[in-house]
Amino acid sequence: MLPQPVLIIGTYDKNGKPNAMNAAWGGQWDAKEIMISMGAHATTANLNNCPDFTVAFATKQTMVAADFVGIVSAKNDADKMEKAGWKWEKSENVNAPVFTDFPMTLECRIKEKIDESEEGYYIVAEIVNILVDENYLAEDGKPDMEKMELIVFDPIHHGYIELDKTIGKAFSDGKALK
């Protein structure tokens, strides 16, 4: 799948300390669910203790720290989140941290684990709530993707690409060919 969203998964460890990891292998499953491929990470262990987590979408401004939380494990660096420098607060709807440096965050709860093994598993999770910083809302009150400066992962060249501008209207522009 190309390109891939850069998803920041937020969990608490068994002591209530916030953790984040970068996951590129995931996306929206349907209107109310998300699916993510999880390996064997500190985050996976956290999810085994508590099925709640948050998903933030990485941006141009959060890219360096987003890459950092993807290459450094909390298993090996107790100061990982301090080094990332993100501010956080407790979610009101799930038992997970909300990293406030991101324009949009999904509050989620695992519904199902698929192909669970020592190497990890796939999760299908319910989107309990969506948080959007009001600075990133369009005039219609819905999230404005252009304002967010979201990035995607290029798995071929191992790069991050900023999403730029809207170029058409889905479920509309194709009607011109009828």
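Let us look at the structure shown here. These numbers come from a predicted model, not from an experiment.

## Section: the sheet that holds strand β12 (residues 159-162)
The 3 strands are arranged β1-β11-β12 in an open sheet whose pairing can be described as antiparallel. Where the open sheet ends on each side, the last strands, each with one partner, are β1 (4-5) and β12. In the sheet, β1 pairs with strand β11 (residues 151-154) via 2 bridges, with the strands oriented antiparallel. Looking at the pairing, Q4 lines up with F153 of β11.

## Here we look at the layout of surface pockets
Estimates place the volume of the largest pocket at around 580 Å³. If you trace the largest pocket, you find 25 residues lining it, with F57, M104, P143, M145 and L150 closest to the centre. Only β4 (26-30), β9 (104-117), β10 (120-132), α4 (145-148) and β11 provide two or more residues apiece to the lining of the largest pocket. Residues that form the lining of the largest pocket fall into these classes: 18 nonpolar, 3 polar and 4 charged. Around the second largest pocket, the lining comprises 13 residues; the ones closest to its centre are D13, N19, A42, A74 and K75. Mapped onto the lining of the second largest pocket, the elements with two or more residues apiece are β3 (18-23), α1 (42-49) and α3 (80-84). The greatest single-element share of the lining of the second largest pocket, amounting to 3 residues, is contributed by α1. Across the lining of the second largest pocket, the residue classes tally to 6 nonpolar, 2 polar and 5 charged.

## Concerning the side chain of S91
With respect to the helices, strands and loops of the structure, S91 is situated in the loop between β7 (88-90) and β8 (97-99). According to the relative accessible area criterion, S91 is buried, its value standing at 5%. A distance of 2.4 Å separates the side chain of S91 from the side chain of E107, its partner in a polar contact.

Basis of the calculations
Residues numbered from 1 in each chain as written. Predicted model: local features only at pLDDT ≥ 70, side-chain atom pairs only at ≥ 80, totals over all residues. Heavy atoms only, no water. Pairing = 2+ DSSP bridges. Helix = DSSP H or I, 4+ residues; strand = E, 2+ residues; numbered from the N terminus. 1 Å grid on protein atoms, 1.4 Å probe; cavity = no way out; pocket = protein on both sides within 12 Å on 5 of 7 lines; lining within 4 Å. Points joined across faces, edges and corners; volume = space filled by probe spheres on them. Nonpolar A, V, L, I, M, F, W, Y, C, P; charged D, E, K, R; others polar. Buried < 20%, exposed > 50% of the residue type's maximum accessible area, 1.4 Å probe, protein only. Polar contact = N/O pair within 3.5 Å; in protein donor to acceptor, adjacent residues only side chain to side chain.

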